[in-house]
Amino acid sequence: MTSRAASIGASVTAALTGLAAAWAYLWRRPARGVRPRIGMAGVVEFLSLSILIASLVAASMILLDPLVPGLRLSLPLGVVHFFERITDLGLGGVVLWPVGLCLLLVLGLTPRLDDMGRRIAAATAARLGFLFISVAGAGLLVLVMKYVLGRARPYVMVHLSGPNAQLTFDWLAMKSGYASFPSGHSAIVFASAVAFAALFPRARAILIALAVLVASSRVVLGSHYPSDVLAGGAIAAGFTLAMVKVFAARRLVFSVAADGAISPKPGPTPRRLARLVPPSAPEHALKEARP
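Everything numeric here is computed off the predicted structure, so don't read it as measured data.

(A) Region of the structure containing the overall build of the protein. Of the regular secondary structure elements, the protein holds 12 helices and 2 strands. For the protein, the α and β elements follow one another from N to C terminus as α-α-α-α-α-α-α-α-α-α-β-β-α-α. Here the protein holds 291 residues, and 38% of them are scored as buried. Long-range pairs, those at least 24 residues apart, make up 79% of the contacts in the protein between residues at least 6 apart in sequence. Entry remark: accessible area of the protein is about 16400 Å², with carbon and sulfur atoms responsible for 70%.

Below, the structure written as structure tokens:
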């Protein structure tokens, strides 16, 4: 048991060391070749899109947000129960725990692999690292923003006075009831959808549709306003696309064409992934004993 615990401890230590080294390697690795681009030609287009999203959020605050309180009570019970089931898909742990544990496992196994296995582990860890950084980074950014801004949630707004109670902000309130803008669930689910869509473009439509559905659940259940969901999704999508460019510029996970277009590199096949599992001691000894 002691040797097993020591082995597990050594694997965890190796995984954490590898994760720190991978993060440092990402930022030390220089950008090279053609600069990657995502859809927009330059700064002017990016600023125009940002202004458009900000305008939509502001318009939603004035026109749509006042309609949210009481929406849950006006819907059929079956619809409410459906959204109660799917809303938890926006929790950070749904994506971060599996991805994080897989990443630590791969990094922990790497020192025990042969040269080919280490190459496969590196390719796998790069993809897992991209997913983890994108989702965790977007979630953390939105988490800080929502607690700094301190917007009252819809179920708190109904107890406030004034003609524009939905615009109540209590900066640094640090309370759950005052953490409405932007939506954390929407940030997590949109960051996850955009990150996975970048790796698997053919699944893009399904992933984005699922993200919209989960984000909508926050409005239906009375936890957020439409503007919260729109802002959370936009911030998360923008952050994740920025991570795509960071990785692509360093030719990690993504390749860049001559015109700057980004596409995912082919990932390890299931057969190659099987090489990440080192053979057990008896099997290894048996193979060495064979002529």
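(B) Spotlight on unusual backbone geometry. The peptide bond linking Phe-181 to Pro-182 adopts the cis configuration, its omega dihedral lying at -5°. Its place among the elements puts Pro-182 in the loop between helix H7 (154-157) and helix H8 (184-199). Backbone geometry at Arg-251 places phi at a positive 55°, although glycine is not the residue there. When you line up the elements, Arg-251 lands in the loop between helix H10 (226-249) and strand S1 (254-256). Overall, the relative accessible area of 13% leaves Arg-251 in the buried class. Non-glycine residue Val-253 carries a positive phi angle of around 70°. Mapping Val-253 onto the fold places it in the loop between H10 and S1.

(C) Inspection of the nonpolar core at higher detail. Core analysis: the biggest nonpolar cluster contains 45 residues, and Phe-130, Phe-247, Val-253 and Phe-254 have the highest contact counts within it. Elements supplying a minimum of two residues to this core: helix H5 (92-109), helix H6 (115-149), H8, helix H9 (204-220), H10 and S1. Per-element tally for this core: the top contributor is H6, with 10 residues.

(D) The side chain of Ser-223, seen in detail. Turning to its location among the elements, Ser-223 is positioned in the loop between H9 and H10. With residues near it in sequence (within four places) discarded, Ser-223 still touches Arg-153, Pro-154, Ser-180 and Arg-218.

(E) Quick look at the confidence of the model for the protein. Per-residue confidence for the protein gives a mean pLDDT of 82, with 85% of residues at or over 70. Within the protein, the lowest mean pLDDT, 42, falls on helix H12 (residues 281-289), and the highest, 94, falls on H8. Of the regions scoring below 50 in pLDDT, residues 281-291 engages in 1 contact with residues more than four places distant in sequence or in other chains.

(F) Structural view of a nonpolar patch on the surface. A cluster of nonpolar side chains, contributed by Phe-82, Leu-89, Leu-91, Val-94, Leu-210 and Leu-213, occupies part of the molecular surface with about 460 Å² of accessible area. Following the sequence through the fold, Leu-89 ends up in the loop between helix H4 (77-86) and H5.

(G) Inspection of the packing of aromatic side chains at higher detail. Taken as a whole and assessed by the stated rule, the structure comprises 4 aromatic pairs. Taken together, a centroid distance of 5.4 Å and an interplanar angle of 75° make the contact between Phe-130 and Phe-247 edge-to-face. Taken together, the residues Phe-130 in helix H6 and Phe-247 in helix H10 connect sequence positions 117 residues apart. Residue Phe-130 is classed as buried on the basis of its relative accessible area of 0%. Judged by its relative accessible area of 4%, Phe-247 is buried. Plain terms: the ring middles of Phe-169 and Phe-181 are 6.4 Å apart, the flat faces sit at 80° to each other, and that makes the pair edge-to-face. Separated by 12 residues along the polypeptide, Phe-169 in the loop between H7 and H8 and Phe-181 in the loop between H7 and H8 bring together distant segments of the chain. Linked through ring pairs, Phe-130, Phe-247 and Phe-254 together constitute an aromatic cluster.

Conventions used here
Residues numbered from 1 in each chain as written. Predicted model: local features only at pLDDT ≥ 70, side-chain atom pairs only at ≥ 80, totals over all residues. Heavy atoms only, no water. Helix = DSSP H or I, 4+ residues; strand = E, 2+ residues; numbered from the N terminus. Buried < 20%, exposed > 50% of the residue type's maximum accessible area, 1.4 Å probe, protein only. Contact = heavy atoms within 4.5 Å. Areas by Shrake-Rupley, 256 points an atom, 1.4 Å probe, with all protein chains shown as cover. Core = buried A, V, L, I, M, F, W, Y, C linked by side-chain atoms within 4.5 Å. pLDDT = per-residue confidence, 0-100. Patch = residues over 30% accessible without salt bridge, like charges linked within 9 Å, V, L, I, M, F, W, Y side chains within 5 Å. Salt bridge = Lys/Arg side-chain N within 4 Å of Asp/Glu carboxyl O. Phe/Tyr/Trp six-rings, centres within 6.5 Å; stacked < 30°, edge-to-face > 60°.

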